[in-house]
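These are the residues of each chain, in order.
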Amino acid sequence: MNNKITIGSRGSKLSLAYANKVKNLISRLSEVSGSELEIKTIKTSGDLFQNKKISEIGGKNLFCKEIEEKLINKEIDIAVHSLKDMDSAETNGLVIQAFIERNDPRESFVSKKFNKLSELNNAKIGSSSRRRELQLKLLNKNISVKNIRGNVDTRIQKVENGEYDGVILAVAGLKTLKLENYVKEIFSIKEFIPTAGQGIIAVQCRKDDEDIKKILKQLNHYETQLCALAERNFLKTIGGDCDTAVGCSATLNRDIIQIKAQLFSDDGKKVFNIEKHGEANKPELIGKLAGQEILKQSGNNFKKKR
């Protein structure tokens, strides 16, 4: 292993905060010192095309693809991602070796003019997610949802400038950037199921890099890993794509995992919900069973895309 260990990350404030968190954990929990670690910022396709919907430019993995390529090509040793941005199928030759302890997975409503989503009437909400758009319509039919792109602080600024009446943002990112003061309402997971992996930092390396794997293993939060595996296997089972409106959240209570999931029909007009629980030591099985049940429930209203 070289003297320097290079951590690859997107260049946004949030991504760099996550990369620095991983860097600090490595220096605290392993024998590697901070001076042996460096962070390299990488521009991804998702960052470059900010004026288009994610689904129009190839899906959410665009925030990970270029970073993974640099990992495969050995230009970096470790990749740091938001788990929610990653494809549910692991990239060949790479492995998520550490799941950092989950931050708050819930969704929040940020607004300058309004205190509650229920107050809105003929208002414009910013979201680039079809899932969020359809979930919002379940909570308040009197709003229009318009595409919004950009980093967390950029989106907040657009609300402050009056371009949008509000925006839906993950609590985890706002807490990390110490921007919680902009939050007007936090939704329970029951009423607004987040995307799979929300609030989890995933730390990835090459499958054959045993030295790095040993270091990263010390960062892994086992309970978070169990929930992440359940959620990712649910996604894999339903075979959705970047346009699929689906929420999924797993929680651990002692030795039981409970998974809540919500899937919208392809036309967005119907919604299907599932709750499933099982033994914590079989997270992939619970995710698979929940996925199979919701597919059965949806019938011909939803078609697997892969």
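In short, a report on the structure. Since the model is a prediction, treat every value here as computed from it, not as a measurement. (Residues numbered from 1 in each chain as written. Predicted model: local features only at pLDDT ≥ 70, side-chain atom pairs only at ≥ 80, totals over all residues. Heavy atoms only, no water.)

Points about the overall build of the chain
Along its length, the chain carries nine helices and 13 strands. Expected size for 306 residues packed as a compact globule is a radius of gyration near 19 Å; at 19 Å, the chain falls within 12% of this value. The C-alpha extent of the chain, read off along each of the three principal axes, is 60 × 45 × 35 Å. By the burial criterion, 53% of the 306 residues in the chain qualify as buried. Expressed as a percentage of contacts within the chain between residues at least 6 apart in sequence, the contacts between residues at least 24 apart total 68%. For the chain, the computed accessible surface area is about 14600 Å², with 44% contributed by carbon and sulfur atoms. Between the averaged position of the 53 positive side-chain charges in the chain and that of its 40 negative side-chain charges there is a distance of 4 Å. (Helix = DSSP H or I, 4+ residues; strand = E, 2+ residues; numbered from the N terminus. Rg over C-alpha atoms; globule rule 2.2 N^0.38 Å. Buried < 20%, exposed > 50% of the residue type's maximum accessible area, 1.4 Å probe, protein only. Contact = heavy atoms within 4.5 Å. Areas by Shrake-Rupley, 256 points an atom, 1.4 Å probe, with all protein chains shown as cover. Lys, Arg positive; Asp, Glu negative; His and termini not counted. Charge placed at Lys NZ, Arg CZ, Asp CG, Glu CD.)

Description of the pattern of salt bridges
Side-chain pairing between opposite charges can occur once the charged atoms of the two side chains come close. The full count for this structure, using the stated rule, is 19 salt bridges. Salt-bridge contacts for Lys40 lead to Glu75; the nearest nitrogen and oxygen are separated by 4.0 Å. Separated by 35 residues along the polypeptide, Lys40 in strand β2 (residues 37-41) and Glu75 in the loop between α3 (65-72) and β3 (78-82) bring together distant segments of the chain. Glu75 gets classed as partly exposed once you look at its relative accessible area, which sits at 38%. Arg306 is the partner of Asp87 in a salt bridge, and the nearest nitrogen-oxygen pair spans 3.1 Å. Residue Asp87 is found in the loop between β3 and β4 (94-99), and its partner Arg306 is found in the segment after α9 (283-298); the two are separated by 219 residues along the sequence. A relative accessible area of 57% means that Arg306 is categorised as exposed. (Salt bridge = Lys/Arg side-chain N within 4 Å of Asp/Glu carboxyl O.)

Observations regarding the sheet that holds β2
A sheet is described by the order of its strands in space; here five strands give the open sequence β2-β1-β3-β10-β4, paired in mixed fashion. Because the sheet does not close on itself, it has two edges, and the strands there are β2 and β4. Strand-to-strand, the axes of this sheet are offset by a mean angle of 30 degrees, without reference to chain direction. Looking at chain direction, strand β1 (residues 5-9) and β3 are connected through two bridges and run parallel. (Pairing = 2+ DSSP bridges. Axes fitted to C-alpha atoms, helices over the stretch in contact; angles between N-to-C directions.)

Points about the packing of aromatic side chains
One pass over the full model with this rule turns up one aromatic pair. Taken together, a centroid distance of 5.1 Å and an interplanar angle of 35 degrees make the contact between Phe187 and Phe192 tilted. (Phe/Tyr/Trp six-rings, centres within 6.5 Å; stacked < 30°, edge-to-face > 60°.)

Structural notes on the pairing of strand β12 (residues 256-264)
Counting buried positions along β12 yields seven of nine residues, so the element is predominantly enclosed. The pairing of strand β11 (residues 246-253) with β12 spans eight bridges and is classified as antiparallel. Bridging across to β12, Cys248 finds its partner in Ala261. Bridge analysis of β12 against strand β13 (residues 271-279) gives nine bridges, and the strand direction is antiparallel. Each residue of the ladder has a partner; that of Gln262, found in β13, is Asn273.

Section: a nonpolar patch on the surface
Taken together, the side chains of Leu138, Leu139 and Val271 define a hydrophobic patch exposed on the protein surface, amounting to about 210 Å² of accessible area. Considering the arrangement of structural elements, one finds Leu138 in helix α4 (residues 130-139). (Patch = residues over 30% accessible without salt bridge, like charges linked within 9 Å, V, L, I, M, F, W, Y side chains within 5 Å.)

Details of unusual backbone geometry
One non-glycine residue, Lys74, lies in positive phi territory at about 65 degrees. Inspection of the secondary structure puts Lys74 in the loop between α3 and β3. Using a relative accessible area of 60% as the deciding quantity, one classes Lys74 as exposed. Even without glycine at this site, Arg254 takes up a positive phi of about 60 degrees.

Digging into the nonpolar core
Counting residues in each nonpolar core, the largest one holds 34 residues, and the members touching the most others are Val22, Ile26, Ile78, Leu174, Val203, Leu216 and Leu219. Looking at this core element by element, the count peaks at six residues for helix α1 (residues 13-29). The residues contacting Ile78, other than those within four sequence positions of it, are Ile5, Thr6, Ile7, Gly8, Ile26, Leu71, Val203, Gln204, Ile212 and Leu216. Core analysis: the second largest hydrophobic core is formed by 22 residues, Val246, Ile259, Ile286 and Phe302 among them. (Core = buried A, V, L, I, M, F, W, Y, C linked by side-chain atoms within 4.5 Å.)

Side note on the sheet that holds strand β6 (residues 123-126)
Spatially, β7-β6-β8-β5-β9 is the arrangement adopted by the five strands of the open sheet, whose pairing is mixed. Every interior strand has two partners, whereas the edge strands, β7 (143-146) and β9 (183-186), have only one. Within the sheet, the average angular offset between the axes of one strand and its neighbour, ignoring direction, is 30 degrees. Bridge count between β6 and strand β8 (residues 166-170): two bridges; the pairing is parallel. Its bridge partner lying in β8, Gly126 is registered against Val167. This element, α4, spans β5 (107-110), β6, β7 and β8 of the sheet and lies at about 175 degrees to β7. Each of β5 and β8 is contacted by helix α5 (residues 152-160), which is oriented at about 160 degrees to β8, the strand it contacts most.

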